[in-house]
Amino acid sequence: MIRLGSKEMRSNTSLPLTRSQTYLLESMPPEMKEEILMKLKGKYISKFISVSKSWSSMVRSKVFTNLYLNRSLAQPRILLSLIDRGDREKQLFHTCSQEDPTSDHHTVSCNRYHEFSPPVRGLICCLNVYNLVMIGNPSTSQFITLPRVISMRKDTSCFFGYDPVSGEYKVLCTMVPRRFHHLRGASSRVIASQEYQVFTLGARRKKWRSIECKHPYQTRRRTQGICSNGVVYYLAWIQLVRSLICFDVRSEKFSVIELPRDVQVQLLSNYGENIAVTNLLINGTLDLWVLEDASRQVWSKVSIVIPSWNDSFRCFQTEFKFRGTLGTGELVFAPKFVTDTYFLLCYNFKENKARKINIQGIESQFTARDVYLDHVESPMILEPLR
């Protein structure tokens, strides 16, 4: 009998199996194999690829990946991007449970620092310093580089999305000449020089495809998008008007949503199952504009008075930045500047209750650069591109 989850098994996952062990694993019925994999963490699942062809086939199958992800979606996690205080090129990813961050935490390293997009069903995406797109899975400690985007335009922004109907992940790249990237207004010369390309992860043809956009726009460098229900949302300028761009991952079509008037938008975030924009936290008040109906472009405003947490959590002289909402509806705030220990404050404004999440397992030389909420563990194997 194999004891799942035991320390002995976890510590020996990297050791080669004996012939008898391989035979025992191979002789198991498919339902037992699936049960074993479902009880393992993502970082251990990839080890079973080398056991046999049947195990490898199961691990790589979309059926198992979706089954595992459906369970993970009910157990959301926090994902932190960490950088070394002494070596700014050194980057780690730290994940922990949202309910109990003191247990079940996992850290994985990346070769150098990159600004990754918010996770989409467990995967993250970035444009590295060499203008190459990288896809990563923090659960399996895998990072792959996509083929280079062939374009004469130098400045690129990339966005990552998932279509729940087809089950496909796609990367969208927007490219403009470098000398125009700082402009907010899109002149006719800039419009004519924009280019849009899409890459489908896992497709047979591992190439970038050019697509058209009827709403030419300008984005800031390092603009990050949010994928929700098969649509990637991100902020951009159309002429001199700041707008919300919507990219439908399945149809690869663009649409534009007007932002609420007289709003100095600072952050795009999830608000439950909706998209929301917010301004800076000013005088203890946070204003949220929630997109209630994208097709009719209907926004609703929520103004929330944030209480002082000095007495409750001893956060003296600490400024906070709004980071988004949890699936529970709690608003999440993180220290704006580096602190000795990293923590989050979760505020339930309906019940006027707050709780502090102390992140454990981070070595003192590292500091959190980005925090992502409702991250999920994914067993998806990222196949190297050839």
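See the structure above.
Residues numbered from 1 in each chain as written. Predicted model: local features only at pLDDT ≥ 70, side-chain atom pairs only at ≥ 80, totals over all residues. Heavy atoms only, no water.

Asker: I keep staring at the sheet that holds strand β19 (residues 320–325) and nothing clicks. Help me out?
Answerer: Strand pairs in the sheet, formed through backbone hydrogen bonds, run parallel or antiparallel to each other. Spatially, the 4 strands line up as an open sheet ordered β19-β20-β21-β22, and their pairing is antiparallel. A strand with exactly one partner marks an edge of an open sheet, and here the two such strands are β19 and β22 (353–358). Each neighbouring strand pair of the sheet contributes to a mean axis angle of 25°, computed without reference to strand direction. For strand β21 (residues 343–348) and β22, the ladder comprises 6 bridges, and the chain directions are antiparallel. Following the sheet pairing, N348 is matched in β22 by K353. (Pairing = 2+ DSSP bridges. Helix = DSSP H or I, 4+ residues; strand = E, 2+ residues; numbered from the N terminus. Axes fitted to C-alpha atoms, helices over the stretch in contact; angles between N-to-C directions.)

Asker: Please clarify how the sheet that holds strand β10 (residues 209–211) should be interpreted in this entry.
Answerer: Read from one edge to the other, the open sheet built from 4 strands follows the order β7-β8-β9-β10, with strand pairing classed as antiparallel. Whereas interior strands pair on both sides, the edge strands pair on one side only; in this sheet they are β7 (155–163) and β10. Looking at each pair of strands side by side, their axes are set apart by 30° on average, direction ignored. Summarising the sheet, β7 and strand β8 (residues 168–176) pair through 9 bridges and their orientation is antiparallel. Bridge pairing in β8 links D163 to E168.

Asker: Where do I start with the nonpolar core in this structure?
Answerer: If you look at soluble globular proteins, the nonpolar side chains tend to sit buried side by side. Counting 22 residues, the largest nonpolar core has I135, Y169, V171 and L201 as the members making the most contacts within it. Those elements giving two or more residues to this core turn out to be β5 (133–137), β7, β8 and β9 (195–201). Among the elements that take part in this core, β8 stands out by supplying 4 residues, more than any other. Of all hydrophobic cores here, the second largest spans 17 residues; its members include L326, I357, F366 and V371. (Core = buried A, V, L, I, M, F, W, Y, C linked by side-chain atoms within 4.5 Å. Buried < 20%, exposed > 50% of the residue type's maximum accessible area, 1.4 Å probe, protein only.)

Asker: What is the right way to look at the packing of aromatic side chains in this model?
Answerer: Each pair of aromatic rings is reported with the distance of its centres and the angle of its planes. Applying the stated criterion across every chain yields a total of 15 aromatic pairs. Plain terms: the ring middles of F159 and Y234 are 3.8 Å apart, the flat faces sit at 15° to each other, and that makes the pair stacked. Note that F159 is positioned in strand β7 and Y234 in strand β12 (residues 231–238), a separation of 75 residues in sequence. Of the two residues, F159 and Y234, neither departs from the other in class, the shared state being buried. On the basis of an interplanar angle of 50° and a centroid distance of 6.3 Å, the ring pair of Y217 and F254 is categorised as tilted. Placement of the pair is Y217 in the loop between β10 and β11 (226–228) and F254 in strand β14 (residues 253–258), with a sequence separation of 37 residues. In this pair, the class of Y217 matches that of F254, namely buried. Among the aromatic residues, ring-to-ring pairing joins F159, Y196, Y217, Y234, F247 and F254 into one connected group. In this structure, R71 is placed above the aromatic ring of Y68, and the distance from its NZ or CZ to the ring centre is 4.7 Å. Seen from the ring of F343, K356 lies directly overhead, with NZ or CZ sitting 4.4 Å from the centre. (Phe/Tyr/Trp six-rings, centres within 6.5 Å; stacked < 30°, edge-to-face > 60°. Lys NZ or Arg CZ within 6 Å of the ring centre and 35° of its normal.)

Asker: How should the packing of helix α3 (residues 30–38) against helix α6 (residues 62–72) be read in this particular structure?
Answerer: For any two helices packed against each other, one specifies the crossing angle of their axes together with the interaxial distance. Running from amino to carboxyl end, α3 crosses α6 at an angle of 45°, the nearest separation of the two axes being 11 Å. Considered as vectors, α3 and α6 are oriented oblique to each other. Here the hand of the crossing between α3 and α6 comes out right-handed. For the pair α3 and α6, the contacting residues are E34, L37 and M38 in the first and F64, L67, Y68 and R71 in the second. By residue class, the composition of the contact of α3 with α6 is 5 nonpolar, no polar and 2 charged. (Parallel < 35°, antiparallel > 145°, perpendicular 65-115°, else oblique. Left-handed = near helix turned anticlockwise from the far one by under 90°. Contact = heavy atoms within 4.5 Å. Nonpolar A, V, L, I, M, F, W, Y, C, P; charged D, E, K, R; others polar.)

Asker: I would appreciate a short explanation of the side chain of E377 in the present structure.
Answerer: Residue placement: E377 occurs in the segment after β23 (366–375). E377 gets classed as buried once you look at its relative accessible area, which sits at 12%. Engagement of the side chain of E377 in a polar contact is seen with the backbone nitrogen of G42, the distance being 3.2 Å. Among residues more than four places away in sequence, those in contact with E377 are K41, G42, Y68, L69, S72, R77 and S139. (Polar contact = N/O pair within 3.5 Å; in protein donor to acceptor, adjacent residues only side chain to side chain.)

Asker: For this particular structure, what's the right way to read the packing of α3 against helix α5 (residues 53–60)?
Answerer: Running from N to C, α3 and α5 point in directions that differ by 60°, and their axes come no closer than 11 Å. The angle between α3 and α5 places the two elements in the oblique class. In this structure, the crossing between α3 and α5 has a hand that is right-handed. Facing α3, whose interface residues are P30, K33, E34, I36 and L37, α5 presents S54, W55, M58 and V59. Tallied by class, residues from the contact of α3 with α5 come to 6 nonpolar, 1 polar and 2 charged.

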